[in-house]
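Coordinate analysis (summary)
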Amino acid sequence: MPVRWQGTQKSNPTEVGKDLFGDNYIQNFKNNSVHTDFVGQTSDAATGVASIIVNDAGENAIVIVAGANMLLTSEELQNALPAVIHAKVLVCQLEISPQMSLQALRMAQENKVKTIFNPAPAIPHLDAGFYRASDVFCCNESEAELLTGSSVANVEEAHLACQELLKRGCRSVIITLGQEGCVVLEAQDSVSKHAPATAVRAVDTTGAGDSFIGALAFYMAHYPTMPLEEMARRANQVAGVSVQAVGTQTSYPSRKDLPAELF
């Protein structure tokens, strides 16, 4: 996420291996002002890695080897409770075990901390508790297709998928659609809204979803009264900047690289 924007405290409870990748991850967190108090290192598995292939159109294919990510324990999450309690927003996804992500979301919910859940990498049979524990359930079109069993190939189909996902207990749903922007539906609304994206020339879409969600978390934390549709519109712009650069974390723009009106 774009931690470089924020003057607030950031923590990332996770598990890495006792290897070069793990050491580098921890140093990277420190370089980006992310607290490492709740980052464990284990000898029982290697640090999680991802192999990424990008084609000439900037589209990507990713193979994930979760490794130590799956070894984060319930006890370690409980140890991070003080950080959760003092957070404004908690972001979870499925690169740790689903049980641990759900536990973290419930911990946040019990302490009135806003939650964003991104069901990625997607799994077909998602525990129903994830929907109920999500203030914002944010997925892309392929994840929405897997979860709903219906095609989500355009804006109109995304509107229908939002309705289906909202029925499962989320407080709001966002489906991202790449160059088409995203569709937003909140529980108090009967109709979902389309937030279009500005057309850009993408060179590498890897990490665009993470850039969007990181920006969304920033706006939820720092502009809590801003309408969700406006947060999504701004997050679209941030993600649009990220796809114009090569790499994942290296493509995330600093605050100084973004238009002042986004803040």
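Everything below is about the structure printed above this text.
Our subject in this report is the structure included herewith.

At the junction of Ala120 and Pro121, the peptide bond is cis and its omega measures out at -5° in the coordinates. Along the polypeptide, Pro121 turns up in the loop between strand S8 (114-117) and helix H5 (129-132). We note that Lys112 has phi near 60°; this positive angle belongs to a residue other than glycine. Under the relative-accessibility criterion, Lys112 is labelled exposed at 79%.

This paragraph deals with the environment of Asn60. On the secondary structure map, Asn60 appears in strand S6 (residues 60-65). Excluding anything up to four places from it in sequence, Asn60 contacts Ile52, Ile53, Val54, Thr205 and Thr206.

Here the second largest pocket is characterised by a volume of approximately 240 Å³. Looking at side-chain class alone, the lining of the second largest pocket contains six nonpolar, two polar and four charged residues.

All right, on to helix H9 (residues 228-242) then. The end-to-end C-alpha distance of H9 is 21 Å, a good match for the 21 Å that 15 residues give at a rise of 1.5 Å each. When we look at burial in H9, the residues that qualify are Leu228, Met231, Ala232, Arg234, Ala235, Asn236, Val238, Ala239, Gly240 and Ser242. Against strand S9 (136-140), strand S10 (172-176), strand S11 (182-186), strand S12 (193-195) and helix H8 (208-222) lie the buried residues of H9.

We now examine the packing of aromatic side chains. All told, the structure shown has seven aromatic pairs when counted by the stated rule. With a centroid separation of 5.8 Å and an interplanar angle of 80°, the aromatic rings of Phe218 and Phe263 are classed as edge-to-face. Highlighted residues: Phe218 in helix H8 and Phe263 in the segment after H9, separated in sequence by 45 residues. On the accessibility criterion, Phe218 (2% relative accessible area) is buried. Ring-pair connections join several aromatic residues into one group, and the members of that group are Phe117, Phe130, Tyr131 and Phe137. Over the ring of Phe263 we find Arg255, and its NZ or CZ is 4.2 Å from the ring centre.

To continue, consider the side chain of Thr47. Structurally, Thr47 can be placed in the loop between strand S4 (39-42) and strand S5 (49-54). Of note is the side chain of Thr47, whose polar atom sits 2.8 Å from the backbone nitrogen of Gly17. Engagement of the side chain of Thr47 in a polar contact is seen with the side chain of Asp19, the distance being 2.6 Å. Once residues lying within four places of it in the same chain are set aside, the contact partners of Thr47 are Val16, Gly17, Asp19, Phe21, Gly22, Tyr25 and Ala68.

With that settled, the discussion passes to the nonpolar core. Counting 36 residues, the largest nonpolar core has Phe117, Leu126, Phe137, Leu165 and Ile175 as its most contacted members. Contributing elements (two or more residues each) for this core: strand S7 (89-92), helix H4 (98-110), H5, S9, helix H6 (141-148), helix H7 (155-166), S10 and S11. In this view, Ile175 contacts Cys139, Asn140, Glu141, Ala144, Val152, Ala158, Ala161, Cys162, Leu165, Gly181, Cys182 and Val183; residues no more than four positions away in its chain are not counted. Counting 26 residues, the second-largest nonpolar core is a separate cluster that includes Ala195, Met220, Ala221 and Ala235.

A few words now on the pairing of S7. Each regular strand carries side chains that alternate between the two faces of the sheet. In this structure, S7 lies alongside S8, joined through four bridges in parallel fashion. Bridge assignment links Cys92 to a residue of S8, and that residue is Phe117. For the segment spanning S7, H4 and S8, crossover handedness is right-handed.

Moving on, we come to the pairing of S11. With respect to burial, S11 is a largely interior element, five of its five residues being buried. Of the two faces of S11, the one lined by Cys182, Val184 and Glu186 and the one lined by Val183 and Leu185 are each fully buried. In the sheet, S10 pairs with S11 via five bridges, with the strands oriented antiparallel. For Ile174, the partnering residue across the bridge sits in S11 and is Val184. Taking the residues between adjacent antiparallel strands as the criterion, S10 and S11 are bridged by five residues, where Gly178 takes a positive phi near 60°. Hairpin connection, S11 to S12: the antiparallel pair is bridged by six residues.

So, how was this worked out
Residues numbered from 1 in each chain as written. Predicted model: local features only at pLDDT ≥ 70, side-chain atom pairs only at ≥ 80, totals over all residues. Heavy atoms only, no water. Helix = DSSP H or I, 4+ residues; strand = E, 2+ residues; numbered from the N terminus. Buried < 20%, exposed > 50% of the residue type's maximum accessible area, 1.4 Å probe, protein only. Contact = heavy atoms within 4.5 Å. 1 Å grid on protein atoms, 1.4 Å probe; cavity = no way out; pocket = protein on both sides within 12 Å on 5 of 7 lines; lining within 4 Å. Points joined across faces, edges and corners; volume = space filled by probe spheres on them. Nonpolar A, V, L, I, M, F, W, Y, C, P; charged D, E, K, R; others polar. Expected span 1.5 Å × (residues − 1). Phe/Tyr/Trp six-rings, centres within 6.5 Å; stacked < 30°, edge-to-face > 60°. Lys NZ or Arg CZ within 6 Å of the ring centre and 35° of its normal. Polar contact = N/O pair within 3.5 Å; in protein donor to acceptor, adjacent residues only side chain to side chain. Core = buried A, V, L, I, M, F, W, Y, C linked by side-chain atoms within 4.5 Å. Pairing = 2+ DSSP bridges. Right-handed = clockwise from strand over helix to strand, strands pointing away.

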